[in-house]
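The primary structure of each chain is shown beneath.
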Amino acid sequence: MEEKRLGQRTGGQHVELQTERVAFHTNTGQLDKVHAEALARLSRCVAADPEGEPMLLEGGVYRGCWLESTGTINAELLTRFAPAVARSTFERFARWQRDDGLIPYKITESGPVFRQIQLVTPPARSAWNHYLQTGRDQAFLRRMYDALTRFDAWLAAHRDTRGTGCVEAFCTFDTGHDLSPRFWHVPDTPHLEDPALCDPDSPILPFLAPDLTASVYCGRKYLARMAAELGESPAGWQTKAEQSLRSLMAHCYDERDGFFYDRDKNGEFVRVQSDVLLRVLACEVGDGEFFAAALRRYLLNTRKFFAKYPFTSIAMDDPRFDPFSHYNTWAGATNFLSLIRAPHAFEHHGRHVELTWVLQPIVTAMANMTRFAQCLSPWTGEEGFTETYSPAILGVLDYIERLCGILPTPDNTLWFTGLLPRPMSAHMAPVEETAYSRTVDGIIYELHVTRERAVIRRDGRPLAEFPSGVRLVTDREGNLKGLIGMTVRQVEGAVRFEDKTCPFRVSGNETLIFQDGAFRSAGGPGVVMPTYG
């Protein structure tokens, strides 16, 4: 497929979006139309900043680039599809940083805005992954490292007024949790619209915020990696990260509930079970056992967050839960920002199979999408508020690639996943075969998946054939590295790779390493089953 150049005229500037060469087809034509429309609509979500540099927009009613989303997780995903715009988006936040170290919470075509902090995904992690996937440009890394070092210092100086080591929320918009019961009786914006000021007359503010604290914890871990890559000592960042984690667990974690809550200024937990849990887990908090417990008790629990179309933004058994999705809300609806943040939490702990139980129903909902809305009904999967929303657009591209496509990873491997989209409602036609192509470093890879098998071609020639139900892993040149069990059942068969036939048996979430012409098990965490209350 030829690379696409998509133009978007905004603010008198013509911004060119050059997408990577990807294509997707199915036997039904339903999902591929949505995928093609997602690629086309990316152009509507690119604009120029005041200096004429391109940046990704949130989209829909949101005419700007938000740090919590567009400037972090969205740009991280965009790296796989339009790397030049992704890089420019990251760099806009460094460019418009204030002299005191504060990074704008959003950038519009008119300039930067600093009213709140609005932090979720760690900027350092997203920038680091972009760096790894785009040739390790140290000039980019240095610029982002210096900017994020100064931002970390600003947060430490202005958002730890209680001296706990946690990062404090002064308002609802600091976390982007519009209309969430988490922030009932809390103003939307900081005192006097100054991000360094908390309302002195509030009976409950500031909150010790688990998601903000976890973001800084994880960001410090990645700043340590950046420092080491740049030839500096990572020790200081490692120490600061450990301090953040201790503060998070000491002040925001309730062992009885196994959940993270805000703690108000009176020392009380704000006992609203929200997607804060998923946010914290996506920041790499906790080990494999900790994550498995969260899956059983909350994320895969149909009484809590595992709706028909997961994940809800408030636990469903909370009387404050609101399933409606036709307005900008984090009071219950399934938000696309949660959906694109979720994979890192699962994959960090090798929970590939459980993640497919999220991918499958959401891809079913995507098959009927026409507007690319901000949120979905957790009951029906119908689209809700706004349209041409870049997290939804990138969600389509990302979920299809994870489920049945070719995905380049930050560790320089390629994932070829042999699964088919499985209709979870009668509104999606059964898919019998898919075809996905992607150009990587000038090499054209193609993946054809049916119910029985998957076939990979490299530059038009057969490279590998393997049973459906597993993910084949290669390096970027197409050399076999291993495979992963992607379904709850055990899969047994053989990989035909170039002129070799290599038998294997793999369980769900088990990783096999290809070495000396054979597969050997590297183990796996097993599979956590859904729960019901």
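Residues numbered from 1 in each chain as written. Predicted model: local features only at pLDDT ≥ 70, side-chain atom pairs only at ≥ 80, totals over all residues. Heavy atoms only, no water.

Chemist: Account for the side chain of T364, with residues named and values stated.
Modeler: Looking at where T364 falls in the secondary structure, it is placed in helix α11 (residues 352-366). Separated by 3.4 Å, the side chain of T364 and the backbone oxygen of R422 make a polar contact. Dropping the residues within four chain positions of it, T364 is found in contact with Y309, R422, P423, M424, S425 and M428. (Helix = DSSP H or I, 4+ residues; strand = E, 2+ residues; numbered from the N terminus. Polar contact = N/O pair within 3.5 Å; in protein donor to acceptor, adjacent residues only side chain to side chain. Contact = heavy atoms within 4.5 Å.)

Chemist: Lay out the packing of aromatic side chains with the relevant residues and their values.
Modeler: By the definition in use, this model includes 21 aromatic pairs. On the basis of an interplanar angle of 55° and a centroid distance of 5.9 Å, the ring pair of Y62 and Y389 is categorised as tilted. A residue pair is termed long-range when its members are at least 10 positions apart, and Y62 in the loop between β5 (54-56) and β6 (65-66) and Y389 in the loop between β16 (375-376) and α12 (390-404) qualify at 327 residues. Judged by relative accessible area, Y389 falls into the buried class, the value being 3%. An angle of 35° between the planes, with centres 5.3 Å apart, marks the rings of F259 and Y261 as tilted. The class of F259 is buried, set by a relative accessible area of 0%. The buried category is assigned to Y261, whose relative accessible area is 2%. Members of the aromatic cluster, each reached through a chain of ring pairs, are Y62, W66, Y105, F385 and Y389. Here the basic side chain of R279 rests over the ring of W330, its NZ or CZ set 5.3 Å away from the ring centre. It is R438 that lies over the ring of F81; its NZ or CZ is 5.2 Å from the centre. (Phe/Tyr/Trp six-rings, centres within 6.5 Å; stacked < 30°, edge-to-face > 60°. Buried < 20%, exposed > 50% of the residue type's maximum accessible area, 1.4 Å probe, protein only. Lys NZ or Arg CZ within 6 Å of the ring centre and 35° of its normal.)

Chemist: Outline the sheet that holds strand β19 (residues 433-440), listing residues and values.
Modeler: Spatially, seven strands are ordered β3-β19-β20-β21-β22-β25-β26 in an open sheet, and the strand pairing comes out antiparallel. What marks the edges here is a single partner per strand, and that holds for β3 (22-26) and β26 (500-506). Between one strand and the next, the sheet's axes are offset by a mean angle of 15°, whatever the strand orientation. Here five bridges tie strand β20 (residues 443-450) to strand β21 (residues 453-458), and the two strands are oriented antiparallel to one another. Within the sheet, the bridge partner assigned to L447 lies in β21 and is I456. Those strands touched by α12 are β3, β19 and β20, and its axis lies near 105° from that of β19. (Pairing = 2+ DSSP bridges. Axes fitted to C-alpha atoms, helices over the stretch in contact; angles between N-to-C directions.)

Chemist: Explain the side chain of E168 to me, and be specific about the residues and the numbers.
Modeler: Relative to the assigned elements, E168 resides in strand β9 (residues 168-169). One buried charged residue, E168, forms no salt bridge at all, with the nearest opposite charge on R162 at 4.8 Å. Once residues lying within four places of it in the same chain are set aside, the contact partners of E168 are R159, D160, T161, R162, D174, P206, F207, L208 and L212. (Lys, Arg positive; Asp, Glu negative; His and termini not counted. Salt bridge = Lys/Arg side-chain N within 4 Å of Asp/Glu carboxyl O.)

Chemist: Help me get a handle on the environment of A23, residues and values and all.
Modeler: As for its placement among the helices and strands, A23 is situated in strand β3. In this structure the C-alpha to C-alpha distance between A23 and L39, which are 16 residues apart in sequence, comes to 9.5 Å.

Chemist: Hey, could you go over helix α4 (residues 123-133) for me, with residue numbers and the actual values?
Modeler: Of all the eleven residues making up α4, eleven are buried; the element is thus mostly covered by neighbouring parts of the structure. When α4 is considered as a whole, its buried residues turn out to be P123, A124, R125, S126, A127, W128, N129, H130, Y131, L132 and Q133. Looking one or two residues beyond α4, the residue adopting positive phi is G135, at roughly 95°.

Chemist: Let's hear about the pattern of salt bridges: which residues, and what values?
Modeler: One pass over the structure, following the stated rule, counts 41 salt bridges. Salt-bridge contacts for R125 lead to E76; the nearest nitrogen and oxygen are separated by 3.4 Å. With R125 in helix α4 and E76 in helix α2 (residues 70-78), the pair connects residues that are 49 residues apart, well separated along the chain. Residue R279 is joined to D275 by a salt bridge in which the shortest nitrogen-to-oxygen separation is 3.0 Å. When sorted by exposure, R279 lands in the same class as D275, which is buried. Ionic contacts of the salt-bridge type, sharing partners, join the residues R80, E347, D398, E401, R402 and R438 into one network.

Chemist: Kindly report on the sheet that holds strand β24 (residues 480-485), identifying the contributing residues and their values.
Modeler: Taken in spatial order, the six strands of this open sheet run β17-β18-β23-β24-β27-β28, and their pairing is antiparallel. A strand with exactly one partner marks an edge of an open sheet, and here the two such strands are β17 (406-408) and β28 (518-521). The mean inter-strand angle of the sheet, taken between neighbouring strand axes irrespective of direction, is 25°. As paired strands, strand β18 (residues 413-417) and strand β23 (residues 470-475) are joined by five bridges and run antiparallel to one another. Bridge pairing links T413 to D475 in β23. Here α12 sits on the sheet in contact with β17, β18 and β23, set at roughly 110° to β17.

Chemist: Help me get a handle on the pairing of β28, residues and values and all.
Modeler: Pairing analysis gives four bridges linking strand β27 (residues 511-515) to β28, with the strands arranged antiparallel. Considered in β28, the bridge of Q515 is made with A518. Remark: two residues form the turn of the hairpin made by β27 and β28, two consecutive strands paired antiparallel; D516 in that turn has positive phi of roughly 55°.

Chemist: A description of the state of the cysteines should follow, citing residues and the corresponding values.
Modeler: Under the definition given, this model contains zero disulfides. Here C198 is not cross-linked by a disulfide; its sulfur's nearest cysteine counterpart is in C171, at 8.8 Å. In this model C375 remains outside any disulfide bridge; the closest cysteine sulfur is found in C45, 16 Å from its own. (Disulfide = S-S within 2.5 Å.)

Chemist: Run through the packing of α2 against helix α3 (residues 83-95), naming residues and quoting values.
Modeler: Look at α2 against α3: their axes get within 9 Å of each other, and the N-to-C directions meet at 160°. As summarised for this structure, α2 and α3 are arranged roughly antiparallel, according to the angle between their axes. In this structure, α2 crosses over α3, and the sense of that crossing is left-handed. Taken together, the residues of α3 that come into contact with α2 (itself represented by T70, G71, T72, A75, E76 and L78) are P83, V85, A86, T89, F90 and F93. Within the contact of α2 with α3, the residues separate by chemical class into seven nonpolar, four polar and one charged. (Parallel < 35°, antiparallel > 145°, perpendicular 65-115°, else oblique. Left-handed = near helix turned anticlockwise from the far one by under 90°. Nonpolar A, V, L, I, M, F, W, Y, C, P; charged D, E, K, R; others polar.)

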